[in-house]
Amino acid sequence: MKRFITNDLLEWKNMMSGRLPLLLYGARQVGKTYALQNFGREHYKNTVYVNFERMTVIRDFFQGSLEPERILKFLSEYFAEEIHPADTLIIFDEIQACERALTSLKYFAEEAPQYHVAAAGSLLGVAINRENYSFPVGKVIMKTMYPLRFDEFLSATGNEHLVSLIREHFEQMCEMPEQTHNELLLWLRRYLFIGGMPAVVKKYTEEDSLVNLPDMQNMILSAYTADMAKYSSADECTKIRNAFRSMPAQLAKENRKFQYKLIRRGATAGLFGDSISWLVMSGVVLECDRVTRGDVPLAVSRDLTSFKLYMSDVGLLSAASGIMPENVLRQDLSDVFKGALAENYVAQTLASCGHRLFYWTSDSPTAEVDFLIQKEGLAIPVEVKYDTNVHVKSLRHFRNMYHPAKVLRISARNFGMDEDGLYAVPLYAAFCL
């Protein structure tokens, strides 16, 4: 599958100066290992691949001196591979399983910058939060990998021509031909069920069927649950699982602000705050913070007591909610849950495009804007609707207060723009943001 992270990897490889070891972070099974190994095959003469969860001998070796020369000599002998500075890609996978390997990146940056070292970890955010982890601050280039975006999904399913067509109409803000518009909305509804986990997308492309996908999605959810037990205490694991299992209920309501009472009766931030942090740091969920103002910089007006959580993959939300393929394709869902799917889809798309997630609400009169993105010194409000029936009352209130240069409405409607600067963007074009 073509992944856009490859562009970042190429940029890193071709750095003439200042290239540090690369640290690729993301939730489990988003395709980090495949992306790095495929990159090594296509752009290097050879690759040395180390998996610290499986290769205990190498993990034990890192308990000794972390001098790069010593490590490189051992790896060359262990794999019977010559390691050349610019021609060999060294991959440290599941690096969170070996604290010393994470620390070694600092010494590669300082003493052996000519070697190309790329590391990946599924639970780095959790691991480096532990007191005994020495993170190589300022000595690595960090990149985050997400599930396949909708444009990557279209490419993977043989519809790459539609991606360029969407971008063209977005740039010109001109209507898509109705037949193509409807075809793209159908593909989007498939994506809302399938999601962007590479293994699930691969199974869909092989079988051309949605029927067996929930089994694979539930296997991924089970793997996430297993990680909770592996990387937390027994008591904390129970709290994390309960918080995670509340996700469909958190989103299947009009006000999608996270509510602790939906985890269990009597739940509070004091009891479950660390569990929420674990889910965010693991990359399993995405946090969207409330801001009290609609001008830049957005981060300075965060309300730390109010936030939303979205699943990192909309397909996993569909699986966790127990909906069937026909529910999505026939649109046989409650209006509230349709809205939840659309919002979750846009949240993960914005995050994968590099946007920090914020939303805005006013106190009086009550108004809410689903997302605020900060781009080129502007705060741009984004309203999300699943259907063509759209209401812009909240957007109008926000506009009257802050006079933004642009206002975006993402829905099932076609491209368009009005004289007041409201841009109508179809759901399938969210990746263009």
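Here we summarise the structure given alongside this text. (Residues numbered from 1 in each chain as written. Predicted model: local features only at pLDDT ≥ 70, side-chain atom pairs only at ≥ 80, totals over all residues. Heavy atoms only, no water.)

**Notes on the overall build of the chain**
No. 1: Scanning the chain for helices and strands turns up 18 helices and 13 strands.
No. 2: Relative to its length of 433 residues, the chain is compact, with a C-alpha radius of gyration of 23 Å against a globular reference of 22 Å.
No. 3: Its C-alpha atoms give the chain principal-axis dimensions of about 65 × 50 × 45 Å.
No. 4: Of all intrachain contacts in the chain linking residues separated by at least 6 positions in sequence, the fraction that spans at least 24 positions is 69%.
No. 5: Looking at the chain as shown, the accessible area adds up to about 18,900 Å², and 47% of this sits on carbon and sulfur atoms.
No. 6: Where the 48 positive side-chain charges of the chain centre and where its 52 negative ones centre are 4 Å apart. (Helix = DSSP H or I, 4+ residues; strand = E, 2+ residues; numbered from the N terminus. Rg over C-alpha atoms; globule rule 2.2 N^0.38 Å. Contact = heavy atoms within 4.5 Å. Areas by Shrake-Rupley, 256 points an atom, 1.4 Å probe, with all protein chains shown as cover. Lys, Arg positive; Asp, Glu negative; His and termini not counted. Charge placed at Lys NZ, Arg CZ, Asp CG, Glu CD.)

**Topic: the environment of Asn14**
No. 1: Its location among the elements puts Asn14 in the loop between helix 1 (5-13) and strand 1 (22-25).
No. 2: Separated by 72 residues in the primary sequence, Asn14 and Ala86 place their C-alpha atoms 9.8 Å from one another.

**Quick notes on helix 10 (residues 198-207)**
Since there are 3.6 residues in each turn of an α-helix, residues three or four apart along the chain are aligned in direction.
No. 1: Looking at helix 10, one finds that the buried residues are Pro198, Val200, Val201 and Tyr204. Around the axis of helix 10, the buried residues are gathered within 165° of arc, so they sit on the same side.
No. 2: Where helix 10 is buried, its residues contact helix 7 (150-156), helix 9 (178-194) and helix 11 (213-230).
No. 3: Immediately downstream of helix 10, the backbone of Asp208 shows phi near 50°, a positive value. (Buried < 20%, exposed > 50% of the residue type's maximum accessible area, 1.4 Å probe, protein only. Arc of directions from axis to C-beta.)

**A short note on the sheet that holds strand 6 (residues 285-291)**
No. 1: One open sheet accounts for 8 strands, arranged 7-6-8-9-10-11-13-12; its pairing is mixed. Edge positions in the sheet fall to strand 7 (302-311) and strand 12 (416-417), since each has one partner strand and no second.
No. 2: Across 7 bridges, strand 6 lies against strand 7 in antiparallel orientation. Across the sheet, Glu287 pairs through a bridge with Leu309, a residue of strand 7. (Pairing = 2+ DSSP bridges.)

**Some remarks on the pattern of salt bridges**
No. 1: Enumeration according to the criterion identifies 22 salt bridges in this entry.
No. 2: Between Lys2 and Glu160 there is a salt bridge, with the nearest N and O atoms lying 3.1 Å from each other. Here Lys2, found in the segment before helix 1, pairs with Glu160, found in helix 8 (residues 160-172); they are 158 residues apart in sequence, far enough to count as distant.
No. 3: In this structure Lys2 comes out as partly exposed when scored by relative accessible area, which is 48%.
No. 4: Here Glu207 and Lys203 are joined by a salt bridge, their closest N and O atoms 2.9 Å apart. (Salt bridge = Lys/Arg side-chain N within 4 Å of Asp/Glu carboxyl O.)

**Brief notes about the environment of Leu262**
No. 1: Looking at where Leu262 falls in the secondary structure, it is placed in the loop between helix 13 (247-251) and helix 14 (269-281).
No. 2: Expressed as a C-alpha distance, the spacing of Leu262 and Asn242, which sit 20 residues apart in the sequence, is 9.5 Å.
No. 3: Setting aside residues no more than four positions away along its own chain, Leu262 makes contact with Ser246, Ala249, Gln250 and Lys253.

**Describing the packing of aromatic side chains**
Centre-to-centre distance and the angle between the planes together describe a pair of aromatic rings.
No. 1: Counted according to the given criterion, the structure contains 23 aromatic pairs.
No. 2: On the basis of an interplanar angle of 25° and a centroid distance of 6.1 Å, the ring pair of Phe150 and Phe153 is categorised as stacked. Note that Phe150 and Phe153 are positioned in helix 7 at a spacing of 3 residues, about one turn of the helix.
No. 3: Phe150 gets classed as buried once you look at its relative accessible area, which sits at 1%.
No. 4: According to the relative accessible area criterion, Phe153 is buried, its value standing at 0%.
No. 5: An aromatic cluster of at least three residues, connected via ring pairs, comprises Phe52, Phe61, Phe62, Phe74, Tyr78, Phe79, Phe92 and Phe108.
No. 6: Lying over the aromatic face of Tyr44, Lys13 brings its terminal NZ or CZ to 5.0 Å of the ring centre. (Phe/Tyr/Trp six-rings, centres within 6.5 Å; stacked < 30°, edge-to-face > 60°. Lys NZ or Arg CZ within 6 Å of the ring centre and 35° of its normal.)

**A look at the pairing of strand 11 (residues 407-411)**
No. 1: With respect to burial, strand 11 is a largely interior element, 5 of its 5 residues being buried.
No. 2: Of the two faces of strand 11, the one holding Val407, Arg409 and Ser411 and the one holding Leu408 and Ile410 are both buried throughout.
No. 3: Where strand 10 (residues 378-384) meets strand 11, 3 bridges bridge the pair, whose relative direction is parallel. Counterpart to Glu383 in the pairing with strand 11 is Arg409.
No. 4: Since strand 10 and strand 11 lie parallel, the crossover through helix 18 (residues 393-402) that links them has a hand, and here it is right-handed.
No. 5: As defined by bridge partners, strand 11 adjoins strand 13 (residues 422-426) across 5 bridges and the pair is classed as parallel. In the strand pairing of strand 13, Val407 is matched with Leu422. (Right-handed = clockwise from strand over helix to strand, strands pointing away.)

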